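Below are the chains, spelled out letter by letter.
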Amino acid sequence: MENTLKVQIWSDIMCPFCYIGKRRIEEALSLFEHKDNVDIEWKSYQLDASFVASPNDNMVEHLAHKYGKDTAWAQGMLDNMTQNAKNAGLDFHFEKAILANSFDAHRLLHLAKKHNLANDLEELLFKAYLTEGKNINDKSILKQLGISVGLNADAIDEVLLSDAYGAAVKKDIENANSIGVQGVPFFVFDNKYAVSGAQPATTFLETLQKVWQEGKFDSKVTLLNTTEGDSCGIDGCD
């Protein structure tokens, strides 16, 4: 058995269930006796890489239009997701959410990964979008968030004012497609087992324990036979 159990998480900041999934795996890790030997690696994914927001966009109307439903239906969907988040200890404010393309945020996350700060920045990005109503496609906001987790201001500017890490973001998405990812969050445990969606913490804990007990394994990823977890795909969030 190698000393480190690696968990890769494909996620998009624009996905509410990805934040919920982050909380649930954190809860599982808090109960896992080998938690100090677990390495979390955040991987980029975009639910809509071509998305361009307009100043008048709001979440209710966006969802209603996307699904061909009325605004009452869309509001009910958001209310249910908000309650789901509360159960995970999170406070969502969709009425303040600013729809945005997450590509630059993902590029900045790759800089943070280089300095072992990706988990910290991922947390702040989720909070900025889903709780605080900040535009995570605004370079000044991204710079503030990057500095707050300890990234160098000049290094942040170099990334945001160029196309740095753009290829890395696209490679993560290509890797996700190659192993059959159709929605996020998507968790891969030591390149053997995968869990799709924001599963209950107990599912993550059981998977961590199973992987740890089995030791080293083949590189083929196998999707565990769990119930389908809450996730977001290119057609929306379920």
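Structure: above.
A brief structural summary. Given the structure is predicted, the values throughout are model-derived calculations rather than measurements.

### With respect to helix 7 (residues 153-160)
- Among the residues making up helix 7, those that are buried are I156, V159 and L160. Buried residues in helix 7, looked at end-on, bunch into an arc of 90°, giving them a common side. Pointing more than 90 degrees away from the buried face of helix 7 are the exposed residues D154 and E158.
- Considering only its buried residues, helix 7 is in contact with helix 4 (103-114) and helix 6 (139-148).
- Regarding helix 7, its N-cap is N152, as a side-chain oxygen of that residue lies 2.9 Å from the backbone nitrogen of D154 further along.

### Quick notes on helix 2 (residues 59-67)
- Those residues of helix 2 that fall on the buried side of the exposure criterion are M59, V60, L63 and A64. Considered in projection along helix 2, the buried side chains sweep an arc of 130° and stay on one side of the axis.
- Where the residues of helix 2 are buried, they touch helix 3 (71-87) and helix 5 (118-130).
- The opening residue of helix 2 is N58, an N-cap whose side-chain oxygen sits 3.1 Å from the backbone nitrogen of V60.
- Where helix 2 ends, the next residue or the one after it, G68, has phi of about 70°, a positive value.

### Focus: the environment of D138
- Here D138 is to be found in the loop between helix 5 and helix 6.
- By relative accessible area, which is 27% here, D138 ends up partly exposed.
- For D138 and W212, which are 74 residues apart along the polypeptide, the C-alpha to C-alpha distance reads 41 Å.

### Observations regarding the pairing of strand 4 (residues 186-189)
- Side chains F186 and V188 of strand 4 all project onto a buried face; the interleaved residues F187 and F189 project onto the opposite face, where all are buried too.
- Where strand 1 (residues 5-11) meets strand 4, 4 bridges bridge the pair, whose relative direction is antiparallel. When the bridges of strand 4 are listed, I9 appears paired with F187.
- Across 4 bridges, strand 4 lies against strand 5 (residues 193-196) in antiparallel orientation. By the bridge assignment, F186 is partnered in strand 5 with S196.
- The hairpin turn running from strand 4 into strand 5, its antiparallel successor, is 3 residues long, and D190 in that turn takes a positive phi close to 45°.

Reading the values: the criteria
- Residues numbered from 1 in each chain as written.
- Predicted model: local features only at pLDDT ≥ 70, side-chain atom pairs only at ≥ 80, totals over all residues.
- Heavy atoms only, no water.
- Buried < 20%, exposed > 50% of the residue type's maximum accessible area, 1.4 Å probe, protein only.
- Helix = DSSP H or I, 4+ residues; strand = E, 2+ residues; numbered from the N terminus.
- Arc of directions from axis to C-beta.
- Contact = heavy atoms within 4.5 Å.
- Polar contact = N/O pair within 3.5 Å; in protein donor to acceptor, adjacent residues only side chain to side chain.
- Pairing = 2+ DSSP bridges.

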